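Summary of structural features
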Amino acid sequence: MEAGRAKQIASGFLKVNNCQVKEMDGGLLVQYHGETAYFVRESCFWPFIYRISGAM
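Attention here is on the structure that accompanies the text.

Calculation notes
Residues numbered from 1 in each chain as written. Predicted model: local features only at pLDDT ≥ 70, side-chain atom pairs only at ≥ 80, totals over all residues. Heavy atoms only, no water. Salt bridge = Lys/Arg side-chain N within 4 Å of Asp/Glu carboxyl O. Helix = DSSP H or I, 4+ residues; strand = E, 2+ residues; numbered from the N terminus. Buried < 20%, exposed > 50% of the residue type's maximum accessible area, 1.4 Å probe, protein only. Core = buried A, V, L, I, M, F, W, Y, C linked by side-chain atoms within 4.5 Å. Contact = heavy atoms within 4.5 Å. Pairing = 2+ DSSP bridges. Axes fitted to C-alpha atoms, helices over the stretch in contact; angles between N-to-C directions.

Quick notes on the pattern of salt bridges
- Tallying each qualifying case throughout the model produces one salt bridge.
- Where Glu42 meets Arg5, a salt bridge forms, and the shortest distance between an N and an O atom there is 2.7 Å. Note that Glu42 is positioned in helix α2 (residues 42-53) and Arg5 in helix α1 (residues 3-12), a separation of 37 residues in sequence.
- Residue class for Arg5 comes out partly exposed when judged on its relative accessible area of 33%.

Here it is, written out as structure tokens:
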């Protein structure tokens with residue numbers, strides 16, 4: 001994932017309850033309810049976020 005895009009996405013999720021997203025090594029580190037996931041590709045990140053938000 002392009003680092004600038006990762007940073008933009010991470011900053012957008014800073015205010016979401018129980019979900020922390022941090023830019024890390026060109027990807028995104030997501031912490032949600034004690035679980036941790038790391039996404040290198042944005043295409044894998046979005047389905048995860050939609051699922052935990054209840055959008056899917």
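Focus: the nonpolar core
- Formed by Ala6, Ile9, Ala10, Phe13, Cys19, Val21, Leu28, Val30, Phe39, Phe45, Phe48 and Ile49, the largest nonpolar core amounts to twelve residues.
- The set of elements that each furnish at least two residues to this core consists of α1, β1 (19-24), β2 (27-32) and α2.
- For Ala10, the residues in contact, after removing those within four places along its chain, are Val21, Lys22, Glu23 and Leu28.

Thoughts on the sheet that holds β2
- Read from one edge to the other, the open sheet built from three strands follows the order β1-β2-β3, with strand pairing classed as antiparallel. Strand pairing shows two members of the sheet lacking a second neighbour, β1 and β3 (35-39), which therefore form its edges. Pairs of neighbouring strands in the sheet enclose a mean axial angle of 20°, with direction left out of account.
- Where β1 meets β2, six bridges bridge the pair, whose relative direction is antiparallel. Along β2, the bridge assignment pairs Cys19 with Tyr32.

Everything listed here is a matter of geometry and, on its own, says nothing about what the molecule does.
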